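Structural overview
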Amino acid sequence: MKHVCILLLVSFSLLSCVTDRSSDDIDTIDLLSNYDAITLDRPTFEASVTLENARNIINSGKIYVINDLLFVNEKNEGFHIFDNEDPQNPAALAFIKAPGATDLAIKNNVYYINQAVDLIAVTYDKLNANLVVTKRIRDVFPVKQSPDGYIPDVEDGAIIIDYELQN
């Protein structure tokens, strides 16, 4: 009888550790994020990669040097391109606008850009100031998390490209 009582007591103790994560609990947790997602619908997102005039660096990320070009990531916005023939005095050439972009790899003059959840391949012609998206592979990367580790529910077809601090 003593063993049965101990077994029942341990069982009830363990059951008290289990919680029911109903949808109401998850909604409450979702409200704890301090960030709002910035999204684009899929067609707008895919059409958003463009070559623009050079602009000032505001929120720099990774830096890449290949041949006579220097690339500086503008976090979640794209890449600044500099002519780096004179490394002591790089000259701003253009800006690759690619919302959600955080990383770049280069091979055989093809620039592979991590654009939010997609991987895109682009070619850039410095002489003619021309940029062409040659390939897009959808949903290669996980959805962007907020700085506090949260991934909100968004409308179907919406792509999270960044987050902003809630007001």
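Residues numbered from 1 in each chain as written. Predicted model: local features only at pLDDT ≥ 70, side-chain atom pairs only at ≥ 80, totals over all residues. Heavy atoms only, no water.

Below, the discussion takes up the overall build of the protein chain. Looking only at helices and strands, the protein chain has three helices and 11 strands in total. Helices and strands in the protein chain line up, N terminus first, as α-α-β-α-β-β-β-β-β-β-β-β-β-β. Across the 167 residues of the protein chain, 31% fall into the buried class. A separation threshold of at least 6 residues defines the contact pool for the protein chain, and within that pool the share at least 24 residues apart is 47%. (Helix = DSSP H or I, 4+ residues; strand = E, 2+ residues; numbered from the N terminus. Buried < 20%, exposed > 50% of the residue type's maximum accessible area, 1.4 Å probe, protein only. Contact = heavy atoms within 4.5 Å.)

Moving on, we get to the sheet that holds strand β2 (residues 50-53). Read across the open sheet, the five strands follow the order β2-β6-β5-β4-β3; overall the sheet is antiparallel. The open sheet terminates on both sides in strands that have one partner only, identified here as β2 and β3 (60-66). Taking the axes of each pair of neighbouring strands and ignoring which way they run, one obtains an average angle of 25° across the sheet. (Pairing = 2+ DSSP bridges. Axes fitted to C-alpha atoms, helices over the stretch in contact; angles between N-to-C directions.)

It is worth spelling out the pattern of salt bridges at this point. Under the counting rule described, the total for this entry stands at 10 salt bridges. Among the charged side chains, a network of salt bridges with common partners joins Arg 42, Glu 46, Asp 118, Arg 136, Arg 138 and Asp 139. (Salt bridge = Lys/Arg side-chain N within 4 Å of Asp/Glu carboxyl O.)

The strand order β7-β8-β9-β10 describes an open sheet built from four strands, whose pairing is antiparallel. In this open sheet, the two strands that pair with only one neighbour each are β7 (101-107) and β10 (130-137). Taking each pair of neighbouring strands and ignoring which way they run, the sheet shows an average axis angle of 25°. In this structure, strand β9 (residues 118-125) lies alongside β10, joined through seven bridges in antiparallel fashion. Opposite Ile 120, over in β10, you have Arg 136 as the bridge partner.

Structurally, the position occupied by Gly 157 is in the loop between β10 and β11 (158-165). With relative accessibility at 44%, the residue Gly 157 sits in the partly exposed group. Distance from Gly 157 to Pro 43, taken between C-alpha atoms, is 8.7 Å for residues 114 residues apart in sequence. Ignoring sequence-local partners within four residues, the contact set of Gly 157 consists of Leu 40, Asp 41 and Arg 42.

Mean pLDDT over the protein chain stands at 87; residues scoring 70 or higher make up 81%. In this model, residues 14-29 is a region of pLDDT below 50 whose contacts with residues beyond four sequence positions or in other chains number three contacts. (pLDDT = per-residue confidence, 0-100.)

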